[in-house]
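Given next are the chains, with one letter for each unit.
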Protein chains: 2
Amino acid sequence: MRTYLDCYPCFLNQALRAARIATDDEAKIKRVLDEVGMMLKEIPLDSTPPESGRLIYRKISEITENIDPYRKIKKESTEKALSLYPYLKSRVVASNDRLLMAIRIAIAGNVIDFGANWGFDWDTEVADTLEKEFALFDYDKFREKLDTAQKIVYLGDNAGECVFDKILIEEMKKPVVYVVRGAPIINDATRADAVQAGIDKVATIVSSGTDAPGTILDTCSTEFKALFHNSDFIISKGQGNYEALSHTSASRLIFFLLKVKCRVLARNIGVEEGGIVIQAGRDR
Amino acid sequence: MRTYLDCYPCFLNQALRAARIATDDEAKIKRVLDEVGMMLKEIPLDSTPPESGRLIYRKISEITENIDPYRKIKKESTEKALSLYPYLKSRVVASNDRLLMAIRIAIAGNVIDFGANWGFDWDTEVADTLEKEFALFDYDKFREKLDTAQKIVYLGDNAGECVFDKILIEEMKKPVVYVVRGAPIINDATRADAVQAGIDKVATIVSSGTDAPGTILDTCSTEFKALFHNSDFIISKGQGNYEALSHTSASRLIFFLLKVKCRVLARNIGVEEGGIVIQAGRDR
């Protein structure tokens, strides 16, 4: 997905929030705004938002001298998500389409986001997502493809969300490689976050090697790229992964599972803001 | 009032909205974002927001080659406000404190804002403001001072809002000099807007000479500054005028009438966002 005009003020808003989380020093926060302001002109409209997010959040870490400002928030998100696990699991057990309920839960976990979205209310958002009509619903294709899949590559998104992903992984009953970011970036899940969520009990955790808030293949390790291109069933969670992959030819290998969290993505994907989506990627 | 960290992303948001109103050319809008992004580092935290607004909106006009993008919006705002005039007047007539109701109406007119605030709903906002508790209420001082005033200097704010101001002017029954901006800036009222609202029927219209979205005295004409400093009763409408004057020694001459339209101002003035205010300015 390209960068839209609305992304530029959003980048600056995100920079302010992240800088405030990273430091209390007003002079440093002002420097973040100054520097990110100057970076905007270097961001072309045909780049993807995670490419810019990667540079912007690195700049924030550099100025605030805090390489992982979201560490505490991520840990708390996972703890909160773990406390919901028994309830979420009971929803699957009580459902007459367990796989679909598990997908809904995985998408509900996508509300945990400290990048574009902010100030969400967990309980309301999760409850809302479990009842919502799908805006895009390639579920039959998903189930069909899952039946013949030998192995699933599952691109994780945010810390905390991993707990919700675990429920879907358990329901799919196939070998899963769960992919995390290679370095801390916003509240995206790294290996430590996936392990805290218990993903290591149900899947093999691998790092994509990227330090971007989305699976930008150019920034991933050679090993991960080989894994990715040799897969026939990839689940991509969340907005950052969608933004990084939706326009590539690799998109045809992927099912995108996400909640649409801003109007820019809403316009790109063609659904209302807040919509929930299972979309089979197409050749681009 | 100083500039707060939250103002910087807001400047960029305003630039995007204004640029879109000024032109359909995406390349020009992108250039506005680039240039305003670069300007941010030049904005010191101890300047006032209207000082920066002045430079930013001028830059937008320059890039989009549109010196008055809000002209149509301003005209329509005044038409809409004129259609509400009979209703507003009837509320004054039916009130047991006509002056206070007229002040409420003048403040209700302050919801018309295409700068910091956006996407307001006229009817709801006006109705809400007419019933709301005041967050700051120096009304007794206002009435006392009005009793002995020989002449009132009334600093206008936005186009459309002038119609609401007219009702207060009619109720005060004193000679009024109504002050408009010297050049188009956002949707702020200029002489033409005040005349369209019928202010010329009830007051003498003068220009402050400024091209800023607030009465920044340094940018006003010598004539206006003489008028200002020789006044003993000044009414200042709206956020831009408050931001420009609240911290100056001249503040002691002024009654600030406004609706608090962002969290930055809320913090500065010490009331909740959305609060309505009659505040007697103090020596600073």
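Before reading on, note that the structure itself is shown above.
Residues numbered from 1 in each chain as written. Chains lettered and ligands numbered in written order. Predicted model: local features only at pLDDT ≥ 70, side-chain atom pairs only at ≥ 80, totals over all residues. Heavy atoms only, no water.

From N to C terminus, chain A includes 12 helices and 7 strands. A globule of 284 residues ought to have a C-alpha radius of gyration of about 19 Å, and chain A, at 18 Å, matches this closely. Across its three principal directions, the C-alpha atoms of chain A cover 55 × 40 × 35 Å. The buried share among the 284 residues of chain A stands at 62%. Taking as baseline every contact in chain A between residues at least 6 positions apart, the subset at least 24 positions apart corresponds to 72%. Put simply, chain A has 39 plus and 42 minus side-chain charges, and the middle of one group is 2 Å from the middle of the other. (Helix = DSSP H or I, 4+ residues; strand = E, 2+ residues; numbered from the N terminus. Rg over C-alpha atoms; globule rule 2.2 N^0.38 Å. Buried < 20%, exposed > 50% of the residue type's maximum accessible area, 1.4 Å probe, protein only. Contact = heavy atoms within 4.5 Å. Lys, Arg positive; Asp, Glu negative; His and termini not counted. Charge placed at Lys NZ, Arg CZ, Asp CG, Glu CD.)

This paragraph deals with the relation of the copies chain A and chain B. Least-squares fitting of chain A to chain B yields an RMSD of 0.0 Å, with the transformation described by 0.0 Å of translation along the axis and a rotation of 180 degrees. Expressed as an axis order, the relation between the two copies is that of a two-fold axis. A share of 100% of the interface residues of chain A reappears at the interface of chain B, consistent with the copies meeting face to face through the same patch. (Least-squares fit on C-alpha atoms with pLDDT ≥ 70 in both.)

This part is about the sheet that holds strand β4 (residues 204–207) of chain A. Residue and element names in this part refer to chain A. Pairing within the open sheet is mixed, and its 7 strands lie in the order β1-β7-β6-β5-β2-β3-β4. Each of the sheet's edge strands pairs with one partner strand only, and the pair in question is β1 (134–137) and β4. Averaged over all adjacent pairs, the angle separating strand axes in this sheet is 20 degrees, with direction ignored. Inspection of the sheet shows strand β2 (residues 152–155) paired to strand β5 (residues 234–237) by 3 bridges, in the parallel sense. Across the sheet, Tyr154 pairs through a bridge with Ile235, a residue of β5. (Pairing = 2+ DSSP bridges. Axes fitted to C-alpha atoms, helices over the stretch in contact; angles between N-to-C directions.)

Before going further, it helps to examine helix α10 (residues 222–229) of chain B. Residue and element names in this part refer to chain B. For α10, the set of buried residues is Phe224, Leu227 and Phe228. Projected down its long axis, α10 shows its buried positions confined to an angular sector of 100 degrees, all on one face. Those residues of α10 that are buried lie in contact with β2 (152–155), β3 (176–180), β4 (204–207), β5 (234–237), α11 (238–245) and β6 (254–259). (Arc of directions from axis to C-beta.)

For the rest of this paragraph, the subject is α11 of chain B. The element α11 of chain B is largely enclosed, with a buried count of 8 among its 8 residues. All of the buried residues in α11 of chain B are Gly238, Gln239, Gly240, Asn241, Tyr242, Glu243, Ala244 and Leu245 of chain B.

Further remarks concern the sheet that holds β6 of chain B. All names here are of chain B. In spatial order, the strands read β1-β7-β6-β5-β2-β3-β4; together these 7 strands make up an open sheet with mixed pairing. Across the chains shown, the open sheet's two edge strands, defined by having one partner strand only, are β1 (134–137) and β4. Averaged over neighbouring strand pairs, the angle between their axes works out to 20 degrees when direction is ignored. Pairing of β6 with strand β7 (residues 276–280), which is carried by 5 bridges, proceeds in the antiparallel orientation. Across the sheet, Leu258 pairs through a bridge with Val277, a residue of β7. Sheet strands in contact with α10 are β2, β3, β4, β5 and β6, and its direction is about 125 degrees off that of β2.

Mapped onto the secondary structure, Ser236 of chain A falls in strand β5. Setting aside its immediate chain neighbours within four residues, Ser236 of chain A contacts Leu155, Asn241, Tyr242, Ile254, Phe255, Phe256 and Leu257 of chain A.

For a regular strand, the rule is simple: side chains alternate between the two faces of the sheet. Residues and elements named next belong to chain B. Counting buried positions over the 6 residues of β6 gives 6, a clear majority of the element. Where burial is concerned, the two faces of β6 agree: the one with Ile254, Phe256 and Leu258 and the one with Phe255, Leu257 and Lys259 are both buried. Of the pairings in the sheet, the one linking β5 to β6 comprises 4 bridges and is parallel in character. Bridge pairing in β6 places Ile234 opposite Ile254.

Attention now moves to the packing of aromatic side chains. Residue and element names in this part refer to chain A. Under the criterion given, the structure shown has 18 aromatic pairs over all chains. Grouping aromatic residues by their ring pairs yields a cluster made of Phe134, Phe137 and Tyr139. The ring of Tyr4 is capped by Arg2, whose NZ or CZ atom sits 4.5 Å from the centre of that ring. (Phe/Tyr/Trp six-rings, centres within 6.5 Å; stacked < 30°, edge-to-face > 60°. Lys NZ or Arg CZ within 6 Å of the ring centre and 35° of its normal.)

Let's shift gears to the state of the cysteines. Within this structure, the stated rule accounts for 0 disulfides over all chains. With no disulfide partner, Cys162 of chain A has as its closest neighbouring cysteine sulfur the one in Cys220 of chain A, 16 Å distant. The thiol of Cys7 of chain B is unpaired, and the distance to the nearest cysteine sulfur, on Cys262 of chain B, comes to 6.5 Å. The class of Cys7 of chain B is buried, set by a relative accessible area of 9%. (Disulfide = S-S within 2.5 Å.)

Okay, the interface of chain A and chain B next. Residue-level contacts link 21 residues of chain A with 21 residues of chain B. Across the chain A-chain B interface, the total number found is 4 salt bridges. Of the charged contacts, one joins Asp6 of chain A and Arg20 of chain B as a salt bridge, the two residues approaching to 3.0 Å between their closest N and O atoms. Along the contact surface separating chain A from chain B lie 8 residue pairs in polar contact (both at pLDDT 80 or more). Broken down by secondary-structure element, the contributors of at least two residues to the side of chain A that touches chain B are α1 (7–22) and α2 (26–39) of chain A. The element best represented in the side of chain A that touches chain B is α2 of chain A, accounting for 7 residues. Classifying every residue of the side of chain A that touches chain B by side-chain character gives 11 nonpolar, 2 polar and 8 charged. (Salt bridge = Lys/Arg side-chain N within 4 Å of Asp/Glu carboxyl O. Polar contact = N/O pair within 3.5 Å; in protein donor to acceptor, adjacent residues only side chain to side chain. Nonpolar A, V, L, I, M, F, W, Y, C, P; charged D, E, K, R; others polar.)

Next up on the list: unusual backbone geometry. The bulk of non-glycine residues show a negative phi, and the bulk of peptide bonds are trans. Residue and element names in this part refer to chain B. Positioned with a positive phi, Glu65 is a non-glycine residue whose angle comes to about 55 degrees. Among the secondary structure elements, Glu65 is positioned in the loop between α3 (49–64) and α4 (71–93). Given the relative accessible area of 63%, Glu65 is considered exposed. Notably, Lys173 is not glycine yet its phi reads approximately 55 degrees, a positive angle. Relative to the helices and strands, Lys173 resides in the loop between α8 (161–172) and β3. Overall, Lys173 belongs to the exposed group, its relative accessible area being 65%.

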